[in-house]
Amino acid sequence: VSTMNAKTSSGGEEEASRIGNETLGESGCLGEAKRRQVIRVAYVIAALDLTLLFMQMGVMPYLAKSLGLDSVGFGYLQTIFGVLQLVGGYVFGRFADQYGARAALILSCASGSIFFLLMSLSTNIPLLFVSRLPGMFMHGIPGAQKVITDMTTPSQRAGALGKLGLCFGVGIISGSAVGGVLSTKFGTYVPAYVGLVGSLINTLIALVWIPSQTKPKSDHHMEENSTSQSASLFSIREILRLMKFPGVLEVFIVKVFAGLPIGLFMIMFSIISMDFFGLEAVESGYLMSYIGVLQMVVQGLVVGKLTSHCTEMTLLRLCVFVFAGVGLGMALMRTVWHYCIIAVPLVFAFSMLATITDSILTKAVPSSDTGAMLGICASVQPLTRTVGPTIGGVLYKEFGVSSFGYLQLMVNLCLLVYLMKSKIPLGEMKS
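Residues numbered from 1 in each chain as written. Predicted model: local features only at pLDDT ≥ 70, side-chain atom pairs only at ≥ 80, totals over all residues. Heavy atoms only, no water.

Labelled according to an unreviewed UniProt entry, the protein appears under the name Organic cation transporter-like protein 2, originating from Certhia brachydactyla. Quoted straight from UniProt, the Subcellular location (unreviewed entry) entry for the protein says "Apical cell membrane". (UniProt positions renumbered as here; feature names shortened; annotations may be inferred.)

Here it is in structure tokens:
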């Protein structure tokens with residue numbers, strides 16, 4: 001039986017490799033060089049998109065304050081943006097499945113252009129709230145993930161998705177720095193003008209360089225025979241259908257809860273950095289840059305190598321174990337230097353968890369549903385941003401910073417026991 005399974009697995013890998021090399025463009029078969037070029041273009045789009053996103057995130061508090069919006073109103077503004085992203089993530093993924101990765105990227109970039117245009121026109125508080133509406137379809141990273149998922153074989157997917165973390169590092173460093181310089185020297189609205197131009201450039205790049213069809217030819221035949229393909233862009237039934245595939249629900253639960261306590265901590269970080277660490281705004285910016293550099297190092301030098309040598313389930317358990325250790329460290333943390341040390345395993349666990357879970361979940365569903373699955377995955381962070389301010393505020397006010405660490409430790413110990421005892425059925429566990 002084991003011999004037969006090995007042969008089947010080997011045949012499946014060869015078939016997956018063959019399919020991956022038959023990816024179609026508009027008028028024929030894309031070669032290997034062209035396929036790699038398209039993936040690099042997706043990285044460029046993601047990096048520019050994240051740079052613009054972090055640029056506006058750094059400027060938004062100052063713009064809101066200049067318009068007379070208090071801290072409570074700013075919290076409402078952030079919550080509205082989080083809810084829009086939460087709902088829009090899945091809708092965007094379904095759109096990508098039905099109309100293709102290029103159409104989805106163009107939608108994201110065009111929404112970004114409208115977002116920054118409205119932001120540049122926000123001379124009062126109502127217009128500032130209206131400017132958040134296009135955020136529902138601003139999902140550059142899921143769009144790039146969709147392109148990469150369509151253009152890679154299952155065995156290449158984890159490494160290719162992991163490199164998107166480099167784009168995140170570039171975005172957080174360059175976006176924060178550029179936004180601060182532009183707003184300080186030229187005015188609060190200048191980053192919005194730059195964001196508008198950048199989004200238009202991204203739209204043009206996606207239109208010119210991303211082929212209209214990125215899925216393998218064989219996948220289109222499977223789509224025709226796919227079961228339960230709803231025409232609507234938002235369907236609870238479709239979400240439940242995806243969660244019924246073997247291993248999907250179990251891995252998604254780990255994805256949501258493993259980093260939730262740390263996510264709550266990061267949402268409260270601006271307040272914690274001032275009250276607990278006693279940092280000034282400039283020092284807090286340096287700390288964020290340090291996190292961005294760590295992200296680039298981990299994604300560029302660590303994640304890819306581990307995914308090529310270890311099974312995905314092993315790496316998933318490693319992430320949860322490291323997260324538990326990070327929780328213990330945070331519970332004992334007293335100074336900003338302690339946090340700088342803890343940040344190393346924290347960034348590793350965050351990066352590895354995002355990469356591995358996205359890879360596992362996209363392999364576990366049919367290729368016609370990878371966009372929807374990526375959209376559901378992309379909704380995890382907006383969900384945290386939506387409920388985070390309330391839960392994080394209560395934890396910090398009532399129990400202090402150490403409460404985030406103890407919660408992180410307990411949650412991940414439970415998840416580790418669950419992963420060690422459960423037999424999660426994965427179609428392809430070895431990257």
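Asks: Mind laying out the overall build of the protein, listing which residues take part and the relevant values?
Replies: What the protein contains, in helices and strands, is 20 helices and zero strands. Counting only residues that meet the buried cut, the protein has 50% of its 431 residues in that class. Partitioning the contacts of the protein with sequence separation of at least 6, the portion at a separation of at least 24 is 84%. Of the roughly 19300 Å² of accessible surface on the protein, 69% is carried by carbon and sulfur atoms. (Helix = DSSP H or I, 4+ residues; strand = E, 2+ residues; numbered from the N terminus. Buried < 20%, exposed > 50% of the residue type's maximum accessible area, 1.4 Å probe, protein only. Contact = heavy atoms within 4.5 Å. Areas by Shrake-Rupley, 256 points an atom, 1.4 Å probe, with all protein chains shown as cover.)

Asks: Describe the nonpolar core, and please don't skip the residues or the numbers.
Replies: Among the nonpolar cores identified, the biggest contains 61 residues, and F265, Y339 and F404 are the most heavily contacted of them. Of all the elements, helix 17 (residues 336-364) adds the most residues to this core, at 14 residues. Discounting chain neighbours no more than four positions away, the residues touching Y339 are F265, M266, F269, F277, L287, I291, M333 and L346. In terms of nonpolar packing, the next biggest core, distinct from the first, is built from 25 residues, V41, I45, L50 and I210 among them. (Core = buried A, V, L, I, M, F, W, Y, C linked by side-chain atoms within 4.5 Å.)

Asks: With reference to specific residues and values, describe the packing of aromatic side chains.
Replies: What the rule picks out here adds up to nine aromatic pairs. With 5.3 Å between their ring centres and 65° between their planes, F276 and F277 make a pair best called edge-to-face. Relative accessible area serves as the criterion here: at 30%, F276 is assigned to the partly exposed category. Ring pairs connect the aromatic residues F265, F276, F277, Y339 and F404, which therefore count as one cluster. (Phe/Tyr/Trp six-rings, centres within 6.5 Å; stacked < 30°, edge-to-face > 60°.)

Asks: I'd like to hear about the side chain of S113, residue by residue, with values.
Replies: Relative to the helices and strands, S113 is located in helix 4 (residues 101-120). Among the residues examined, S113 registers a relative accessible area of 7% and is labelled buried. When sequence neighbours within four positions are dropped, the list of residues in contact with S113 reads L196, S199, L200 and T203.

Asks: Tell me about the environment of T51, residues and numbers included.
Replies: Turning to its location among the elements, T51 is positioned in helix 2 (residues 32-66). Sequence separation of T51 and G171 is 120 residues, and the distance between their C-alpha atoms is 3.8 Å.

Asks: Explain the pattern of salt bridges to me, using residue names and the numbers behind them.
Replies: Here the idea is simple: oppositely charged side chains can pair when their charged atoms come close. Taken as a whole and assessed by the stated rule, the structure comprises seven salt bridges. Linking D150 and K146 is a salt bridge whose minimum nitrogen-to-oxygen distance equals 3.5 Å. Of the two residues, D150 and K146 both sit in helix 6 (residues 140-151), four residues apart, roughly one turn of that helix. Judged on exposure class, the residue D150 and its partner K146 are both buried. Linked through salt bridges whose partners overlap, the residues forming this network are E32, R35 and R36. (Salt bridge = Lys/Arg side-chain N within 4 Å of Asp/Glu carboxyl O.)

Asks: Can you tell me about the packing of helix 17 against helix 18 (residues 370-378), naming the residues and giving the values?
Replies: Between helix 17 and helix 18, the shortest axis-to-axis distance is 9 Å and the interhelical angle comes to 145°. Seen along the crossing, helix 17 lies across helix 18 with a hand that is right-handed. Counted together, D358, L361 and T362 of helix 17 and T370, M373, L374 and C377 of helix 18 form the full contact between these two elements. Class assignment for the residues of the contact of helix 17 with helix 18 results in four nonpolar, two polar and one charged. (Axes fitted to C-alpha atoms, helices over the stretch in contact; angles between N-to-C directions. Left-handed = near helix turned anticlockwise from the far one by under 90°. Nonpolar A, V, L, I, M, F, W, Y, C, P; charged D, E, K, R; others polar.)

Asks: With reference to specific residues and values, describe the side chain of S359.
Replies: Within the secondary structure layout, S359 lies in helix 17. Assessed through its relative accessible area of 0%, S359 is described here as buried. Discounting residues that sit within four places of it in the chain, S359 has contacts with R157, A158, L161 and E312.

Asks: Which residues make up the confidence of the model for the protein, and what values go with them?
Replies: Here the protein averages 81 in pLDDT, and 86% of its residues register 70 or above. Across residues 1-28, confidence stays below pLDDT 50; counting only partners more than four residues off in sequence or on other chains, it has 35 contacts. Per-residue pLDDT stays below 50 along residues 220-229; that stretch engages in 14 contacts with residues further than four places along the chain or on separate chains. (pLDDT = per-residue confidence, 0-100.)

Asks: Got a sec to walk through the environment of L133? Specific residues and values, please.
Replies: Mapping L133 onto the fold places it in the loop between helix 5 (125-130) and helix 6. Between the C-alpha atom of L133 and that of I114, which follows or precedes it by 19 residues, the distance is 9.3 Å.

Asks: Please set out the packing of helix 13 (residues 260-267) against helix 17 residue by residue, giving values where relevant.
Replies: Between helix 13 and helix 17, the shortest axis-to-axis distance is 12 Å and the interhelical angle comes to 130°. With respect to each other, helix 13 and helix 17 are oriented oblique. The interaxial crossing formed by helix 13 with helix 17 has left-handed handedness. Of helix 17, the residues touching helix 13 (which contributes I262, G263, F265 and M266) are Y339, L346 and F350. Per-class residue counts for the contact of helix 13 with helix 17 are six nonpolar, one polar and no charged. (Parallel < 35°, antiparallel > 145°, perpendicular 65-115°, else oblique.)

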